[in-house]
Amino acid sequence: VNRFTKIREFHLGKLYVGAVHYYPSAMPLRVVSIPTADRSMPTQIEFKKHSIKSYQESYAKAFAAHPFIRQTPVCLSEVKMLKNQDHWFLTDSAGFGMLSAAEESQNYKMMAYCLDPLVILLGEFSEKQFTPMSVFSQGYIKKI
């Protein structure tokens, strides 16, 4: 995929709108198409955020319609971190939870960020586990 495609330059402060297409096969394949045109970055980024319960419901519907999906992006809000024996979990106020696939140091960082009720965790849900990538807090996206 993209063997003969010229690599594009991305500029800081610009927003690139594109699409990710998933194709069923023996190996998970995805092709990313990013247009060459850029836009100015908006002052406020609006994420479609989920509680753990609402995300699990939407994931179940998406998986029922497309069972070849193996990983999906996720934006979680209003979550807390919990440690039970050697396992870390993300939980919401309704009591729903999911397993964290992060390293120990990342889990402690997420626990600190989750003290702010307005924080949004950005990551990937794969193999029934949440893998954190970044956190959106006080107008900034920070890598975890």
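As a reminder, the structure under discussion sits directly above these lines.
Residues numbered from 1 in each chain as written. Predicted model: local features only at pLDDT ≥ 70, side-chain atom pairs only at ≥ 80, totals over all residues. Heavy atoms only, no water.

1. Description of the overall build of the protein chain
- Secondary structure assignment for the protein chain yields 2 helices and 11 strands.
- Along the protein chain, helices and strands appear, N-terminal first, in the series β-β-β-β-α-β-β-β-β-α-β-β-β.
- Across the 144 residues that make up the protein chain, the buried fraction comes to 27%.
- Sequence-distant contacts, at least 24 apart, represent 48% of the contacts inside the protein chain between residues at least 6 apart. (Helix = DSSP H or I, 4+ residues; strand = E, 2+ residues; numbered from the N terminus. Buried < 20%, exposed > 50% of the residue type's maximum accessible area, 1.4 Å probe, protein only. Contact = heavy atoms within 4.5 Å.)

2. Some thoughts on the pairing of strand β7 (residues 87–92)
- Here 6 bridges tie strand β6 (residues 79–84) to β7, and the two strands are oriented antiparallel to one another. Bridge pairing in β7 links Lys80 to Thr91.
- If you look at the hairpin formed by β6 and β7, you'll find 2 residues sitting between the two strands, and Gln85 has a positive phi there, around 55°.
- Inspection of the sheet shows β7 paired to strand β8 (residues 97–100) by 3 bridges, in the antiparallel sense. (Pairing = 2+ DSSP bridges.)

3. Topic: the pattern of salt bridges
- Applying the stated criterion to the full structure yields 1 salt bridge.
- For Lys83, the salt bridge goes to Glu104, with nearest N and O atoms at 3.2 Å. Within this pair, whereas Lys83 is found in strand β6, its partner Glu104 is found in helix α2 (residues 104–113), the two being separated by 21 residues in sequence.
- With a relative accessible area of 40%, Lys83 lands in the partly exposed category.
- According to the relative accessible area criterion, Glu104 is partly exposed, its value standing at 38%. (Salt bridge = Lys/Arg side-chain N within 4 Å of Asp/Glu carboxyl O.)

4. What to know about unusual backbone geometry
- Of note in the backbone geometry, Glu78 takes a positive phi value of approximately 55° without being a glycine.
- Here Glu78 is to be found in the loop between β5 (71–77) and β6.
- Unusually for a residue other than glycine, Gln85 sits at a positive phi of about 55°.
- Relative to the helices and strands, Gln85 resides in the loop between β6 and β7.

5. Some thoughts on the packing of aromatic side chains
- In this structure the tally under the stated criterion is 5 aromatic pairs.
- Judged by centre distance (5.5 Å) and plane angle (80°), the ring pair of Tyr55 and Phe125 falls under edge-to-face. Taken as a pair, Tyr55 in helix α1 (residues 52–65) and Phe125 in strand β9 (residues 120–126) lie far apart in primary sequence, 70 residues in all.
- Grouping aromatic residues by their ring pairs yields a cluster made of Tyr55, Tyr59, Phe63 and Phe125. (Phe/Tyr/Trp six-rings, centres within 6.5 Å; stacked < 30°, edge-to-face > 60°.)

6. Overview of α1
- With 14 residues, α1 should reach 20 Å at 1.5 Å per residue; the first-to-last C-alpha distance of 20 Å fits that figure.
- Along α1, the residues that are buried comprise Ile52, Tyr55 and Tyr59. When α1 is viewed along its axis, its buried side chains cluster within an angular range of 60° and face the same direction. Exposed and facing more than 90 degrees away from the buried side of α1 are Lys61, Ala64 and Ala65.
- Buried residues along α1 sit in contact with β5, β6, β7, β8 and β9. (Expected span 1.5 Å × (residues − 1). Arc of directions from axis to C-beta.)

7. Notes on the nonpolar core
- Leu76, Leu90, Met98, Leu121 and Phe130 are the most contacted members of the largest nonpolar core, which totals 19 residues.
- Ranked by residues supplied to this core, first place goes to α1 with 3 residues.
- Within the second largest apolar cluster, 5 residues are counted, among which are Phe47, Cys75, Leu122 and Phe136. (Core = buried A, V, L, I, M, F, W, Y, C linked by side-chain atoms within 4.5 Å.)

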